[in-house]
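# Fold and contact review
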Amino acid sequence: MKRGRIAFQGAIHEVTQAADGRVELADGRLLNEAEVNWLPPVIPGAVFALGLNYADHAKELAFKAPEVPLAFLKGPNTIVGHRAKTRRPADATYMHYECELAVVIGKSGYQVSKAEAMEMVAGYTVANDYAIRDYLENYYRPNLRVKNRDGCTPLGPWLVDAADVPNPMALKLTTRVNGKTTQQGTTSDMIFDIATLIEYLTSFMTLNPGDIILTGTPEGLADVKAGDVIETEVEGVCCLINTIVDDETYFATV
Amino acid sequence: MIKQNVSGSVYGVVLNDHASVRKIGDALEAAPYKGAPKAPAMYIKPANTRVACGATVNPPKGAKTVEVGATVGLVMGHAAARLNRANALDAVAGIVLAGDLSLPHDSYYRPAIREKCFDGSLPISSVKPLVDLANLVITTEIDGKVVEQRSLADLVRDPAQLLVDVSEFMTLSQGDVLLVGVSYMAPQAGAGSQVKISAEGVGSLQFSIAGAQA
(Lines give C-alpha, C1' and ligand atoms only; values in the text may rest on other atoms or scores of the structure.)
Protein backbone atom coordinates (compact mmCIF):
# COMPACT_ATOMS: atom_id res chain seq x y z
CA MET A 1 0.00 0.00 0.00
CA LYS A 2 1.03 3.61 -0.61
CA ARG A 3 0.35 5.97 2.25
CA GLY A 4 0.70 9.74 2.37
CA ARG A 5 -0.15 12.77 4.48
CA ILE A 6 -1.89 15.85 3.20
CA ALA A 7 -3.44 19.03 4.50
CA PHE A 8 -6.95 19.41 3.09
CA GLN A 9 -9.95 21.44 4.15
CA GLY A 10 -8.34 22.56 7.36
CA ALA A 11 -7.18 19.18 8.60
CA ILE A 12 -4.29 16.81 8.26
CA HIS A 13 -5.27 13.54 6.63
CA GLU A 14 -3.57 10.21 6.28
CA VAL A 15 -4.33 9.15 2.75
CA THR A 16 -3.73 6.23 0.42
CA GLN A 17 -3.31 5.94 -3.32
CA ALA A 18 -6.45 4.77 -5.11
CA ALA A 19 -6.26 2.36 -8.04
CA ASP A 20 -6.62 5.22 -10.51
CA GLY A 21 -3.71 7.13 -8.90
CA ARG A 22 -5.88 9.64 -7.07
CA VAL A 23 -5.54 10.47 -3.41
CA GLU A 24 -8.06 8.67 -1.23
CA LEU A 25 -9.09 9.94 2.18
CA ALA A 26 -10.17 7.52 4.90
CA ASP A 27 -13.83 8.41 4.25
CA GLY A 28 -13.55 7.55 0.56
CA ARG A 29 -13.23 11.07 -0.89
CA LEU A 30 -11.01 11.04 -3.96
CA LEU A 31 -8.77 13.98 -4.81
CA ASN A 32 -6.45 14.90 -7.65
CA GLU A 33 -2.87 14.56 -6.40
CA ALA A 34 -1.93 17.89 -8.01
CA GLU A 35 -4.63 19.74 -6.07
CA VAL A 36 -3.78 18.83 -2.48
CA ASN A 37 -1.18 20.16 -0.07
CA TRP A 38 1.29 17.39 0.48
CA LEU A 39 3.09 16.89 3.75
CA PRO A 40 6.08 14.61 4.18
CA PRO A 41 4.67 11.05 4.33
CA VAL A 42 6.10 10.50 7.80
CA ILE A 43 6.84 12.89 10.64
CA PRO A 44 10.61 12.65 10.56
CA GLY A 45 12.61 11.40 13.53
CA ALA A 46 16.36 11.29 13.07
CA VAL A 47 17.10 11.80 9.39
CA PHE A 48 20.38 10.36 8.11
CA ALA A 49 21.84 10.99 4.72
CA LEU A 50 24.69 9.20 3.03
CA GLY A 51 27.47 10.94 1.20
CA LEU A 52 29.37 9.24 -1.59
CA ASN A 53 27.37 6.01 -1.40
CA TYR A 54 27.50 5.38 -5.14
CA ALA A 55 30.94 4.76 -6.60
CA ASP A 56 30.21 6.70 -9.81
CA HIS A 57 29.05 9.74 -7.84
CA ALA A 58 32.12 9.60 -5.57
CA LYS A 59 34.23 9.64 -8.71
CA GLU A 60 32.19 12.52 -10.13
CA LEU A 61 33.04 14.54 -7.02
CA ALA A 62 36.68 13.39 -7.19
CA PHE A 63 36.57 11.38 -3.97
CA LYS A 64 37.51 7.78 -3.50
CA ALA A 65 34.74 5.63 -2.14
CA PRO A 66 34.59 5.67 1.68
CA GLU A 67 35.56 2.63 3.78
CA VAL A 68 32.87 3.24 6.38
CA PRO A 69 29.53 4.87 5.59
CA LEU A 70 29.79 8.66 5.38
CA ALA A 71 26.59 9.47 7.22
CA PHE A 72 25.37 12.88 8.28
CA LEU A 73 22.21 14.13 9.95
CA LYS A 74 19.44 16.50 9.00
CA GLY A 75 16.95 18.43 11.08
CA PRO A 76 13.18 18.51 10.53
CA ASN A 77 13.41 22.09 9.21
CA THR A 78 14.80 20.86 5.90
CA ILE A 79 12.09 18.28 5.15
CA VAL A 80 9.19 19.35 2.95
CA GLY A 81 6.52 17.44 1.06
CA HIS A 82 5.73 16.72 -2.59
CA ARG A 83 5.13 19.71 -4.88
CA ALA A 84 6.79 22.16 -2.49
CA LYS A 85 8.86 25.11 -3.60
CA THR A 86 12.52 25.16 -2.67
CA ARG A 87 14.53 28.35 -2.53
CA ARG A 88 17.68 28.98 -4.51
CA PRO A 89 19.40 31.90 -2.77
CA ALA A 90 20.47 34.77 -5.00
CA ASP A 91 24.17 34.23 -4.27
CA ALA A 92 24.18 30.52 -5.16
CA THR A 93 26.06 29.57 -8.32
CA TYR A 94 25.74 25.79 -8.08
CA MET A 95 22.67 24.15 -6.56
CA HIS A 96 22.03 20.55 -7.50
CA TYR A 97 19.40 17.93 -6.81
CA GLU A 98 20.13 14.41 -5.55
CA CYS A 99 17.59 11.66 -6.22
CA GLU A 100 17.66 9.18 -3.35
CA LEU A 101 15.82 6.12 -2.12
CA ALA A 102 14.65 6.96 1.42
CA VAL A 103 14.30 4.11 3.91
CA VAL A 104 11.75 4.64 6.69
CA ILE A 105 12.38 2.74 9.91
CA GLY A 106 9.37 1.00 11.44
CA LYS A 107 10.64 -0.34 14.74
CA SER A 108 13.24 0.30 17.36
CA GLY A 109 16.51 -1.54 17.21
CA TYR A 110 20.01 -1.48 18.64
CA GLN A 111 22.90 -3.67 17.51
CA VAL A 112 20.84 -5.18 14.73
CA SER A 113 22.68 -7.66 12.53
CA LYS A 114 22.72 -7.35 8.78
CA ALA A 115 20.67 -10.53 8.55
CA GLU A 116 17.86 -9.00 10.62
CA ALA A 117 18.21 -5.43 9.43
CA MET A 118 15.53 -5.43 6.75
CA GLU A 119 12.91 -6.35 9.35
CA MET A 120 13.44 -2.82 10.73
CA VAL A 121 12.18 -1.21 7.52
CA ALA A 122 8.58 0.06 7.41
CA GLY A 123 8.77 1.21 3.84
CA TYR A 124 10.33 3.43 1.23
CA THR A 125 9.86 6.87 -0.19
CA VAL A 126 11.83 9.28 -2.37
CA ALA A 127 14.01 12.18 -1.29
CA ASN A 128 15.59 15.00 -3.21
CA ASP A 129 18.60 15.95 -1.12
CA TYR A 130 19.47 19.35 -2.60
CA ALA A 131 22.92 20.80 -2.00
CA ILE A 132 24.21 24.30 -2.57
CA ARG A 133 27.89 23.79 -3.19
CA ASP A 134 28.78 27.46 -2.77
CA TYR A 135 28.41 26.97 0.98
CA LEU A 136 30.59 23.87 1.27
CA GLU A 137 33.18 24.05 4.02
CA ASN A 138 35.54 21.36 5.26
CA TYR A 139 34.06 21.11 8.75
CA TYR A 140 31.79 18.13 9.35
CA ARG A 141 31.45 18.18 5.58
CA PRO A 142 28.88 18.22 4.05
CA ASN A 143 28.07 21.00 6.49
CA LEU A 144 24.61 22.04 7.62
CA ARG A 145 24.59 25.26 5.61
CA VAL A 146 24.81 23.08 2.49
CA LYS A 147 22.54 20.24 3.55
CA ASN A 148 20.21 21.44 6.28
CA ARG A 149 18.67 24.54 4.78
CA ASP A 150 14.98 25.18 5.29
CA GLY A 151 12.91 23.29 2.74
CA CYS A 152 15.90 21.83 0.90
CA THR A 153 15.02 18.16 1.36
CA PRO A 154 11.71 17.32 -0.33
CA LEU A 155 10.36 13.90 0.69
CA GLY A 156 7.46 11.82 -0.63
CA PRO A 157 4.81 11.78 -1.86
CA TRP A 158 4.15 8.19 -0.83
CA LEU A 159 5.45 5.83 1.82
CA VAL A 160 5.36 2.44 0.11
CA ASP A 161 5.11 -0.59 2.40
CA ALA A 162 8.31 -2.61 2.52
CA ALA A 163 6.31 -5.71 1.52
CA ASP A 164 5.47 -4.00 -1.79
CA VAL A 165 9.14 -3.42 -2.65
CA PRO A 166 10.54 -6.95 -2.81
CA ASN A 167 14.02 -5.94 -3.96
CA PRO A 168 14.94 -2.41 -2.88
CA MET A 169 18.50 -3.03 -4.03
CA ALA A 170 17.53 -3.14 -7.71
CA LEU A 171 15.50 -0.01 -8.37
CA LYS A 172 16.09 2.54 -11.10
CA LEU A 173 16.59 6.15 -10.00
CA THR A 174 15.78 8.92 -12.42
CA THR A 175 15.85 12.70 -12.21
CA ARG A 176 14.19 14.90 -14.81
CA VAL A 177 14.65 18.66 -14.97
CA ASN A 178 11.80 20.31 -16.89
CA GLY A 179 11.00 16.90 -18.38
CA LYS A 180 14.53 16.12 -19.58
CA THR A 181 16.33 13.19 -17.96
CA THR A 182 19.56 14.33 -16.31
CA GLN A 183 20.35 11.62 -13.77
CA GLN A 184 19.98 7.86 -13.99
CA GLY A 185 21.24 5.10 -11.78
CA THR A 186 20.26 2.01 -9.90
CA THR A 187 20.22 1.21 -6.21
CA SER A 188 22.20 -1.92 -7.05
CA ASP A 189 25.25 0.38 -7.32
CA MET A 190 25.15 1.46 -3.68
CA ILE A 191 28.47 0.96 -1.93
CA PHE A 192 26.83 0.24 1.45
CA ASP A 193 23.46 -1.44 0.99
CA ILE A 194 20.45 -0.80 3.21
CA ALA A 195 21.08 -3.73 5.53
CA THR A 196 24.71 -2.70 6.00
CA LEU A 197 23.69 0.88 6.77
CA ILE A 198 21.20 -0.28 9.42
CA GLU A 199 23.77 -2.62 10.96
CA TYR A 200 26.33 0.20 11.00
CA LEU A 201 24.04 2.84 12.55
CA THR A 202 22.59 0.50 15.16
CA SER A 203 26.09 -0.60 16.17
CA PHE A 204 26.28 2.63 18.20
CA MET A 205 22.79 4.10 18.32
CA THR A 206 19.18 3.07 18.57
CA LEU A 207 17.07 3.57 15.47
CA ASN A 208 13.40 4.33 16.12
CA PRO A 209 10.16 4.35 14.12
CA GLY A 210 10.08 7.45 11.93
CA ASP A 211 13.84 7.62 11.52
CA ILE A 212 14.76 7.93 7.87
CA ILE A 213 17.88 6.98 5.94
CA LEU A 214 18.53 8.75 2.66
CA THR A 215 20.75 6.26 0.92
CA GLY A 216 22.79 8.48 -1.39
CA THR A 217 22.70 9.45 -5.03
CA PRO A 218 24.33 8.24 -8.24
CA GLU A 219 26.15 10.45 -10.73
CA GLY A 220 24.41 12.98 -12.93
CA LEU A 221 24.31 16.20 -10.95
CA ALA A 222 23.31 19.43 -12.63
CA ASP A 223 22.71 23.01 -11.59
CA VAL A 224 19.07 23.99 -11.19
CA LYS A 225 17.63 27.49 -11.52
CA ALA A 226 14.53 29.29 -10.35
CA GLY A 227 11.52 28.05 -12.26
CA ASP A 228 12.94 24.59 -12.90
CA VAL A 229 10.63 21.68 -12.11
CA ILE A 230 12.58 18.71 -10.76
CA GLU A 231 11.13 15.22 -10.72
CA THR A 232 13.04 12.62 -8.74
CA GLU A 233 11.69 9.13 -9.20
CA VAL A 234 12.53 5.75 -7.81
CA GLU A 235 11.08 2.85 -9.76
CA GLY A 236 8.28 1.11 -7.91
CA VAL A 237 8.25 3.70 -5.14
CA CYS A 238 7.08 7.10 -6.36
CA CYS A 239 7.90 10.29 -8.21
CA LEU A 240 8.60 13.43 -6.17
CA ILE A 241 8.09 16.84 -7.75
CA ASN A 242 9.69 20.07 -6.57
CA THR A 243 9.99 23.54 -8.05
CA ILE A 244 12.92 25.90 -7.55
CA VAL A 245 12.10 29.51 -6.72
CA ASP A 246 14.19 32.64 -6.29
CA ASP A 247 14.39 34.78 -3.15
CA GLU A 248 11.75 37.23 -4.36
CA THR A 249 9.22 34.45 -4.92
CA TYR A 250 10.11 32.57 -1.75
CA PHE A 251 9.86 35.60 0.52
CA ALA A 252 7.02 37.29 -1.35
CA THR A 253 4.02 38.43 0.63
CA VAL A 254 0.98 36.68 -0.77
CA MET B 1 9.46 28.15 36.55
CA ILE B 2 10.30 27.46 32.92
CA LYS B 3 7.48 25.90 30.95
CA GLN B 4 9.54 25.14 27.85
CA ASN B 5 10.83 21.58 27.53
CA VAL B 6 13.59 20.32 25.30
CA SER B 7 11.28 18.72 22.78
CA GLY B 8 12.91 19.31 19.44
CA SER B 9 16.28 18.99 17.78
CA VAL B 10 19.63 19.73 19.38
CA TYR B 11 22.26 21.50 17.31
CA GLY B 12 25.85 22.10 18.36
CA VAL B 13 28.86 23.97 17.10
CA VAL B 14 32.62 23.42 17.30
CA LEU B 15 35.47 25.90 17.11
CA ASN B 16 33.35 28.60 18.70
CA ASP B 17 35.84 29.62 21.37
CA HIS B 18 39.21 31.25 20.89
CA ALA B 19 41.00 28.67 23.06
CA SER B 20 39.89 25.84 20.75
CA VAL B 21 40.80 27.82 17.65
CA ARG B 22 44.28 28.40 19.12
CA LYS B 23 44.61 24.75 20.09
CA ILE B 24 43.85 23.42 16.61
CA GLY B 25 46.14 26.19 15.38
CA ASP B 26 47.77 26.24 11.97
CA ALA B 27 45.99 23.02 11.00
CA LEU B 28 42.99 25.19 10.08
CA GLU B 29 44.87 26.60 7.12
CA ALA B 30 46.10 23.22 5.87
CA ALA B 31 44.27 20.29 4.24
CA PRO B 32 41.67 19.02 4.78
CA TYR B 33 40.25 22.25 6.23
CA LYS B 34 41.94 24.77 3.93
CA GLY B 35 40.85 27.77 5.94
CA ALA B 36 39.06 28.68 9.15
CA PRO B 37 35.30 28.05 9.13
CA LYS B 38 33.14 30.88 7.83
CA ALA B 39 29.69 29.66 8.91
CA PRO B 40 29.23 28.04 12.34
CA ALA B 41 30.74 24.51 12.18
CA MET B 42 27.65 22.61 13.22
CA TYR B 43 26.51 19.12 14.11
CA ILE B 44 23.25 17.52 15.25
CA LYS B 45 22.59 15.48 18.38
CA PRO B 46 19.50 13.35 17.62
CA ALA B 47 16.85 12.35 20.17
CA ASN B 48 18.54 9.04 21.09
CA THR B 49 21.45 10.97 22.58
CA ARG B 50 19.45 12.87 25.20
CA VAL B 51 19.49 11.68 28.80
CA ALA B 52 18.60 13.47 32.02
CA CYS B 53 20.68 14.48 35.01
CA GLY B 54 21.71 11.40 36.98
CA ALA B 55 21.99 9.13 33.94
CA THR B 56 24.56 6.42 33.48
CA VAL B 57 25.95 6.51 29.95
CA ASN B 58 27.04 3.34 28.14
CA PRO B 59 29.55 4.24 25.43
CA PRO B 60 29.57 1.99 22.37
CA LYS B 61 31.58 -1.22 22.34
CA GLY B 62 35.31 -0.68 22.18
CA ALA B 63 35.21 2.88 23.55
CA LYS B 64 37.59 3.38 26.47
CA THR B 65 36.94 7.04 27.21
CA VAL B 66 34.58 9.80 26.19
CA GLU B 67 35.30 13.47 25.70
CA VAL B 68 33.13 15.65 27.91
CA GLY B 69 32.18 18.78 26.02
CA ALA B 70 30.72 20.92 28.76
CA THR B 71 28.48 23.62 27.37
CA VAL B 72 25.29 25.58 27.64
CA GLY B 73 22.29 25.12 25.34
CA LEU B 74 19.89 27.85 24.33
CA VAL B 75 16.34 26.50 24.47
CA MET B 76 14.05 28.08 21.91
CA GLY B 77 10.78 29.49 23.20
CA HIS B 78 9.27 29.97 19.77
CA ALA B 79 10.05 29.32 16.13
CA ALA B 80 12.75 31.66 14.91
CA ALA B 81 14.43 32.33 11.60
CA ARG B 82 16.46 35.19 10.16
CA LEU B 83 17.03 36.63 13.60
CA ASN B 84 19.03 39.80 14.17
CA ARG B 85 21.24 40.66 17.13
CA ALA B 86 18.57 42.84 18.68
CA ASN B 87 15.84 40.19 18.78
CA ALA B 88 17.86 36.96 18.90
CA LEU B 89 17.80 36.36 22.65
CA ASP B 90 14.06 37.14 22.81
CA ALA B 91 13.53 33.78 21.10
CA VAL B 92 15.30 31.94 23.94
CA ALA B 93 13.05 30.57 26.69
CA GLY B 94 15.83 29.30 28.92
CA ILE B 95 19.09 27.42 29.03
CA VAL B 96 20.34 23.94 29.83
CA LEU B 97 23.69 22.68 31.00
CA ALA B 98 24.89 19.95 28.68
CA GLY B 99 27.60 17.34 28.64
CA ASP B 100 28.11 16.82 24.94
CA LEU B 101 29.88 13.47 24.93
CA SER B 102 32.00 12.30 22.02
CA LEU B 103 34.30 9.44 21.32
CA PRO B 104 37.65 11.23 21.12
CA HIS B 105 38.25 12.55 17.60
CA ASP B 106 40.76 15.19 16.61
CA SER B 107 39.49 15.78 13.07
CA TYR B 108 36.46 17.92 12.29
CA TYR B 109 36.61 17.12 8.59
CA ARG B 110 33.85 14.54 8.24
CA PRO B 111 30.54 14.27 10.12
CA ALA B 112 31.23 12.31 13.29
CA ILE B 113 28.01 10.36 13.68
CA ARG B 114 29.48 7.36 15.48
CA GLU B 115 31.61 9.61 17.66
CA LYS B 116 28.88 12.08 18.59
CA CYS B 117 25.52 10.30 18.29
CA PHE B 118 25.79 7.16 20.37
CA ASP B 119 22.88 6.52 22.75
CA GLY B 120 23.11 8.67 25.85
CA SER B 121 25.78 11.00 24.50
CA LEU B 122 23.95 14.14 25.55
CA PRO B 123 23.19 14.42 29.26
CA ILE B 124 21.26 17.66 29.74
CA SER B 125 19.85 19.44 32.76
CA SER B 126 16.31 20.65 33.16
CA VAL B 127 15.59 24.03 31.57
CA LYS B 128 16.80 26.95 33.70
CA PRO B 129 16.05 30.64 33.38
CA LEU B 130 18.17 32.55 30.88
CA VAL B 131 20.93 34.37 32.72
CA ASP B 132 23.58 36.77 31.42
CA LEU B 133 25.89 34.40 29.57
CA ALA B 134 28.59 36.94 28.71
CA ASN B 135 30.95 35.87 31.48
CA LEU B 136 29.43 32.60 32.59
CA VAL B 137 32.07 30.10 33.73
CA ILE B 138 31.37 26.42 33.13
CA THR B 139 33.23 23.98 35.35
CA THR B 140 33.72 20.29 34.63
CA GLU B 141 34.65 17.92 37.43
CA ILE B 142 35.51 14.26 36.95
CA ASP B 143 35.49 12.21 40.16
CA GLY B 144 35.51 15.39 42.19
CA LYS B 145 38.52 16.93 40.47
CA VAL B 146 38.16 20.06 38.34
CA VAL B 147 39.36 19.20 34.83
CA GLU B 148 38.16 22.22 32.89
CA GLN B 149 36.91 25.72 33.50
CA ARG B 150 35.86 27.79 30.55
CA SER B 151 34.27 31.19 30.31
CA LEU B 152 31.71 32.04 27.67
CA ALA B 153 33.52 35.39 27.43
CA ASP B 154 35.92 33.46 25.16
CA LEU B 155 33.27 32.62 22.53
CA VAL B 156 33.96 33.55 18.93
CA ARG B 157 30.25 34.04 18.27
CA ASP B 158 28.36 35.04 21.38
CA PRO B 159 24.91 33.47 21.86
CA ALA B 160 23.11 36.26 19.99
CA GLN B 161 25.48 36.11 17.03
CA LEU B 162 25.32 32.33 16.92
CA LEU B 163 21.52 32.51 16.74
CA VAL B 164 21.77 35.10 13.95
CA ASP B 165 24.18 33.04 11.86
CA VAL B 166 22.40 29.71 12.35
CA SER B 167 18.89 31.06 11.80
CA GLU B 168 20.07 32.71 8.57
CA PHE B 169 19.61 29.38 6.78
CA MET B 170 17.53 27.22 9.11
CA THR B 171 14.48 27.76 11.26
CA LEU B 172 14.84 26.85 14.91
CA SER B 173 11.58 25.54 16.35
CA GLN B 174 10.10 25.82 19.81
CA GLY B 175 11.88 23.31 22.03
CA ASP B 176 14.97 23.10 19.83
CA VAL B 177 18.32 23.61 21.53
CA LEU B 178 21.42 25.34 20.20
CA LEU B 179 24.56 24.41 22.13
CA VAL B 180 26.97 27.35 22.16
CA GLY B 181 30.15 25.33 21.63
CA VAL B 182 32.45 22.69 23.07
CA SER B 183 36.19 22.66 23.61
CA TYR B 184 38.45 21.08 21.01
CA MET B 185 39.77 17.83 22.50
CA ALA B 186 37.85 18.35 25.73
CA PRO B 187 38.78 16.43 28.91
CA GLN B 188 38.11 12.69 28.77
CA ALA B 189 36.24 10.54 31.25
CA GLY B 190 36.83 6.81 31.52
CA ALA B 191 34.62 3.93 32.60
CA GLY B 192 33.17 4.37 36.05
CA SER B 193 33.75 8.14 36.16
CA GLN B 194 31.37 10.49 37.90
CA VAL B 195 31.02 13.73 35.96
CA LYS B 196 29.66 17.06 37.19
CA ILE B 197 29.15 20.14 35.05
CA SER B 198 28.20 23.33 36.83
CA ALA B 199 27.89 27.06 36.35
CA GLU B 200 27.35 29.63 39.06
CA GLY B 201 23.78 30.87 39.15
CA VAL B 202 22.61 28.09 36.82
CA GLY B 203 23.09 24.87 38.77
CA SER B 204 24.70 21.59 37.95
CA LEU B 205 24.36 18.46 35.83
CA GLN B 206 25.67 15.09 36.96
CA PHE B 207 26.06 11.79 35.18
CA SER B 208 28.30 8.78 35.19
CA ILE B 209 30.07 6.67 32.62
CA ALA B 210 29.20 2.98 32.88
CA GLY B 211 31.71 0.29 33.66
CA ALA B 212 34.21 -0.54 36.32
CA GLN B 213 36.77 2.11 37.09
CA ALA B 214 40.14 1.19 35.55
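Residues numbered from 1 in each chain as written. Chains lettered and ligands numbered in written order. Predicted model: local features only at pLDDT ≥ 70, side-chain atom pairs only at ≥ 80, totals over all residues.

## Quick word on the overall build of chain A
Basically, it comes down to this: Only runs of H or I of at least four residues qualify as helices and only runs of E of at least two qualify as strands under DSSP, and these elements are numbered from the N terminus. Working definition of burial: number of other C-beta atoms within 10 Å of the residue's own, with buried at 20 or more, exposed at 12 or fewer, and partly exposed in between, all C-beta atoms being placed from the backbone. This entry defines residue contacts through backbone-placed C-beta atoms, with two residues in contact when those atoms are within 7 Å.
When you go through chain A residue by residue, the secondary structure sums to five helices and 20 strands. Taking the principal axes of its C-alpha atoms as reference, chain A extends roughly 50 × 45 × 30 Å. For chain A, the proportion of its 254 residues judged to be buried stands at 50%. Restricting to contacts in chain A with at least 6 residues of sequence separation, those with at least 24 account for 73%.

## Some remarks on the sheet that holds strand S8 (residues 137-142) of chain B
All names here are of chain B. The criterion, for reference: Pairing between two strands is assigned when DSSP locates at least 2 bridges connecting them.
Overall, mixed pairing links the five strands, which are arranged S4-S13-S12-S8-S9 in an open sheet. Either end of the sheet is taken by a strand with one partner, and the two such strands are strand S4 (56-57) and strand S9 (145-151). Bridging between S8 and S9 involves six bridges; their strand directions are antiparallel. Bridge assignment links Val-137 to a residue of S9, and that residue is Ser-151.

## With respect to the pairing of strand S6 (residues 47-51) of chain A
Residues and elements named next belong to chain A. Taking burial as the measure, the five residues of S6 include five buried ones, the bulk of the element. Taking every second residue as pointing to the same face, both faces of S6 are buried, with Val-47, Ala-49 and Gly-51 on one and Phe-48 and Leu-50 on the other. Bridging between S6 and strand S7 (residues 70-74) involves five bridges; their strand directions are antiparallel. From the neighbouring strand, Phe-48 faces S7, where its bridge partner is Leu-73.

## Focus on the interface of chain B and chain A
Test applied: The residue classification treats Ala, Val, Leu, Ile, Met, Phe, Trp, Tyr, Cys and Pro as nonpolar and Asp, Glu, Lys and Arg as charged. All others, Gly included, are polar.
Each partner contributes to the interface: chain B provides 29 residues, whereas chain A provides 26 residues. Of all the secondary structure elements, the ones that give two or more residues to the side of chain B that touches chain A are strand S2 (41-45) and helix H2 (113-116) of chain B. Among the elements that line the side of chain B that touches chain A, the one with the most residues is S2 of chain B, at four residues. Of the residues belonging to the side of chain B that touches chain A, the class tally is 21 nonpolar, three polar and five charged.

## Brief notes about the sheet that holds strand S19 (residues 229-234) of chain A
All names here are of chain A. Put simply, the test is: Axes, fitted as lines to C-alpha atoms, cover a helix only where it is in contact. Angles between the N-to-C directions of the axes lie from 0 to 180 degrees.
If you trace the five strands from one edge of the open sheet to the other, you get S9-S20-S19-S16-S17, paired in mixed fashion. Bordering the open sheet on either side are strand S9 (84-87) and strand S17 (180-186), each of which pairs with just one other strand. The sheet shows a mean angle of 25 degrees between the axes of neighbouring strands, direction not considered. Two strands pair when backbone bridges link them, and S19 and strand S20 (residues 238-245) are joined in this way by six bridges, in the antiparallel orientation. Bridge pairing in S20 places Glu-231 opposite Ile-241.

## Some remarks on helix H3 (residues 159-167) of chain B
Residues and elements named next belong to chain B. So the rule is basically this: Note that the arc is defined by the directions from the helix axis to the C-beta atoms.
Along H3, the positions that sit buried rather than exposed are Pro-159, Leu-162, Leu-163, Val-166 and Ser-167. Buried residues of H3, viewed axially, fall in a sector of 115 degrees; they line one side. Turning to H3, the residues buried within the fold contact strand S1 (10-14), strand S5 (65-76) and strand S10 (177-179).

## Here we look at unusual backbone geometry
For the peptide bond that leads from Arg-141 of chain A to Pro-142 of chain A, omega is 5 degrees, which places it in the cis range. Its location among the elements puts Pro-142 of chain A in the loop between strand S13 (131-132) and helix H3 (144-147). The omega angle of the peptide bond from Ala-31 of chain B to Pro-32 of chain B is 0 degrees, so this bond is cis rather than trans. Secondary-structure assignment places Pro-32 of chain B in the loop between helix H1 (18-24) and S2. Even without being a glycine, Arg-82 of chain B presents a positive backbone phi close to 50 degrees. Within the fold, Arg-82 of chain B resides in the loop between S5 and strand S6 (92-102). By the C-beta count within 10 Å, which is 12 here, Arg-82 of chain B ends up exposed.

## Some remarks on the environment of Gln-206 of chain B
All names here are of chain B. In this fold, Gln-206 is placed in strand S13 (residues 203-209). The class for Gln-206 is partly exposed, based on 17 C-beta atoms found within 10 Å. Spatially, the C-alpha atoms of Gln-206 and Val-195 are 5.6 Å apart, while their sequence positions differ by 11 residues. Among residues more than four places away in sequence, those in contact with Gln-206 are Cys-53, Gly-54, Val-195 and Lys-196.

## What to know about the nonpolar core
To be explicit about the condition: To form a nonpolar core, buried Ala, Val, Leu, Ile, Met, Phe, Trp, Tyr and Cys residues must be joined through C-beta atoms within 7 Å.
Grouped together as the largest cluster of nonpolar side chains are 128 residues, with contacts concentrated most on Ala-102 of chain A together with Leu-178 of chain B. In terms of residue count, the dominant contributor to this core is S5 of chain B (seven residues). When residues no more than four places from it in sequence are discounted, the contact partners of Ala-102 of chain A are Tyr-124, Thr-125, Val-126, Ala-127, Leu-155, Ile-212 and Leu-214 of chain A. Counting residues in each nonpolar core, the second largest holds six residues, with Val-15, Val-23, Val-36 and Leu-39 of chain A among its members.

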